[in-house]
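# Working through the structure, step by step
Letter by letter, the chains look like this.
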Amino acid sequence: MFSARGTSFSVKIFWRLFAICASALAFLSVPASLRGQSSPPAPPAAQTQNHSSPPSQASSPAAQPLSPAASNRENLLAQFNDSLEELTSRVSPSIVQVQVTGYRSIEAKAQDETGLIGRERSLGSGVIVDADGYIITNAHVVKGAQRIRVVISSRSSSDSQVRDSLGLGDHIPPIDAKIVGVAPTIDLALLKIEAKGLQALPFADYSKLKKGQLVLAFGNPEGLENSVTMGVVSSVARQADPGVPSVFIQTDAPINPGNSGGPLVDTNGELVGINTFILSESGGSQGLGFAIPSSVVKFVYEELRKYGRVHRSVIGAVLQDITPDLAAGLGLTRQRGVIVSDVDPDGPAQKSGLQIQDIVLSLDERSIGSVPLAEMIISTRPASAIVQAEVLRGDKKITLEIPVTEEKNDVDQLASLVDPEKSLISKLGFFAVEIDDKLAQQLEELREPSGVIVAAMAADLLGLDTELQAGDVIHALNGKHIETIAELRAALRAMAPGAPGVLQIERDSKFMYVTFEMD
């Protein structure tokens, strides 16, 4: 709308000026070559004849047919647009919004307000990786969660996505989810919902990922449900922290807070990685987004689903980054790379012929330039797999085949004591072992050498929603001392539906409480 403050325009004068300007713009929009070749004005009779007959295509430059090159470009754009539409509609039903309620540390507003913990609601993203309701997200998304619900994106029920987005279509209500397992060092978590026949995303082959490849990031940035952005792979392997054995995919596809846990997808509709963090001074996307590679995601998913935790694979060798001083002191021909500093006696690496001072050139045909990359490749290989290593020994290149073994710890030793028929605590979804005198001697760090220990989580069995982990020792339930599996089962049976439960546990030599609600 126009305001006539200070100047008085009549409506008639305004529309005359508007018509003159429009005519001038129309004339200027005609190419100069056509304006120079225009015919002189036709005589009045001819003008009358042209006015009464429909204009021909030849007399109107705008109606001229497109050249073959222009027509081809138009077709390619249309095909590209159709492909993106088809891809997003195919992937969207696999994207979920993760709604978390729990207690977390909150930012202090004053210097005397330190160590504050408050109840908080947060949103993240996730992706369905199995049709039976298994969902991958980031560990930091569900950290401190007391209740987790997921919202599944409904399939479009009409030809209008606008209509569906405005809430006029069918919507699936939030579904309660339970944590199957968490891998905090890798920042991944596996959730499970009671649902069947869901649309899952397949895993892409990470070894075939290329720089410059087109990718799409799906998620819920700032809580905006099921959004999609597009970009390219900026780097197939980027180490954000050289001291941590983690490698990420870098992408310029816009990623913002709330995208965490959502998938990075290729043009085949396969999961390339899980969006996990951004580098930004403003807090918004600056084209520096990072995703956990699909090979790592797949490995962690299979481990969490089977064991509830991640087992680390090793080859029985200690690797070290080569520095200029180290290279000079040992007379190495390379100033950078990875050198073998130790080999375990009778370990798989020694049995395969690996020696101290060997320089690791590649693992499974992937060039190795740092220890974190080498450890990531080894640790994500399943037990009993074979790693092909190319090493430089002096001036000779040697290829070795080294078996991978599972790194054992106290919790893994406990799993061997499980009797599946007698140890299952189905209500809480884990296998238990009673702590006797012999086991107490092995677990020297226990502050209270009695109780029931969580030896392993039960695969594909969801108990009540608790934060129990393998290795936790249960000492009491609702204030009642627990020493045997029978006592724990009896205490669980005595609880009424909906009753609150408080487990006193010992974890890493510290006592803490874990709560749940009886169903």
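Structure's up top.
Residues numbered from 1 in each chain as written. Predicted model: local features only at pLDDT ≥ 70, side-chain atom pairs only at ≥ 80, totals over all residues. Heavy atoms only, no water.

## Structural notes on a negative patch on the surface
We count it as follows: Each patch is built from salt-bridge-free residues with over 30% relative accessible area, joining like charges within 9 Å and nonpolar side chains (Val, Leu, Ile, Met, Phe, Trp, Tyr) within 5 Å. Method for areas: the Shrake-Rupley scheme with a 1.4 Å probe, in which residue coverage is limited to the protein chains shown. Any carboxyl oxygen of Asp or Glu that lies within 4 Å of a side-chain nitrogen of Lys or Arg is treated as forming a salt bridge with it. His residues and chain termini do not enter the charge count, which takes Lys and Arg as positive and Asp and Glu as negative. Think of each charge as sitting on NZ of Lys, CZ of Arg, CG of Asp or CD of Glu. In DSSP terms, a helix is any run of H or I states spanning at least four residues, a strand is any run of E spanning at least two, and both are numbered starting from the N terminus. When a residue's accessible area, from a 1.4 Å probe over protein chains only, is under 20% of the maximum for its type it is buried; when over 50% it is exposed; and in between it is partly exposed.
On the surface, Glu434, Asp436, Asp437, Glu483 and Glu487 cluster together to form a negatively charged patch. Tracing the chain through its elements places Glu483 in the loop between β25 (480-481) and α14 (485-493). Here Glu483 falls in the partly exposed class, since its relative accessible area comes to 40%.

## Focus on empty space enclosed by the protein
Here is the rule we go by: The distinction between a cavity and a pocket rests on a 1 Å grid over the protein atoms alone: a 1.4 Å probe fits inside a cavity but cannot get out, while a pocket stays open yet meets protein on both sides within 12 Å along at least five of seven lines, and a residue with an atom within 4 Å of a point counts as lining. Grid points are joined across faces, edges and corners, and a volume is the space filled by probe spheres set on the points. For this classification, the nonpolar set comprises Ala, Val, Leu, Ile, Met, Phe, Trp, Tyr, Cys and Pro, the charged set comprises Asp, Glu, Lys and Arg, and every other residue, Gly included, is treated as polar.
If you walk through the whole model with that rule in mind, you get one cavity of 30 Å³ or more. Taken as a whole, the largest cavity encloses approximately 40 Å³ of empty space. If you go around the largest cavity, the residues you meet are Ile315, Leu319, Leu354, Val360, Leu363, Ile378, Ala389 and Val391. Within the residue set of the lining of the largest cavity, elements represented by two or more residues are β16 (359-363) and β18 (386-393). Taken together, the residues that form the lining of the largest cavity break down as eight nonpolar, no polar and no charged.

## What to know about the environment of Ala456
Put simply, the rule is: What makes two residues a contact is simply this: any of their non-hydrogen atoms within 4.5 Å.
Mapped onto the secondary structure, Ala456 falls in strand β23 (residues 452-457). Ala456 sits in the buried class, given a relative accessible area of 17%. A sequence separation of 25 residues divides Ala456 from Phe431, and the C-alpha atoms of the two residues are 5.3 Å apart. For Ala456, the contacting residues outside a window of four places in its chain are Phe430 and Phe431.

## Thoughts on the environment of Ile322
Here Ile322 shows up in the loop between β14 (317-321) and α8 (324-330). By relative accessible area, Ile322 is classed as buried at 7%. Residues Ile322 and Ile339, 17 residues apart in the sequence, show an inter-C-alpha distance of 6.3 Å. With near-sequence residues (within four places) excluded, Ile322 lies in contact with Ala327, Leu332, Arg334, Gln335, Arg336, Gly337, Val338, Ile339 and Ile359.

## A word on the pairing of strand β15 (residues 338-343)
Here is the rule we go by: Think of it this way: DSSP has to see at least two bridges between two strands before they count as a pair.
Of the strand pairs in this sheet, β14 and β15 are connected by five bridges, and their pairing is antiparallel. The residue of β15 that forms the bridge with Asp321 is Val338.

## Focus on the packing of aromatic side chains
As a reminder of what qualifies: In summary, the pairing rule links any two rings of Phe, Tyr or Trp, Trp by its six-membered ring, whose centres are within 6.5 Å, and it sorts them by plane angle into stacked for under 30 degrees, edge-to-face for over 60 and tilted for everything else. Two conditions define a charge located above a ring, namely a distance within 6 Å from the ring centre to NZ of Lys or CZ of Arg, and an angle within 35 degrees of the ring normal.
With the rule as written, the count across this model stands at four aromatic pairs. Summarising the aromatic geometry, the rings of Phe277 and Phe290 are spaced 4.8 Å apart at their centres and angled 10° between planes, so their arrangement reads as stacked. Of this pair, Phe277 sits in strand β11 (residues 271-278) while Phe290 sits in strand β12 (residues 289-293), and the two are 13 residues apart along the sequence. A connected cluster of aromatic rings, assembled from ring pairs, spans Tyr134, Phe203 and Tyr301. A cation sits over an aromatic face here: Lys192 above Tyr134, 5.3 Å from the ring centre.

Fair warning: the whole summary comes from geometry, so function is off the table for now.
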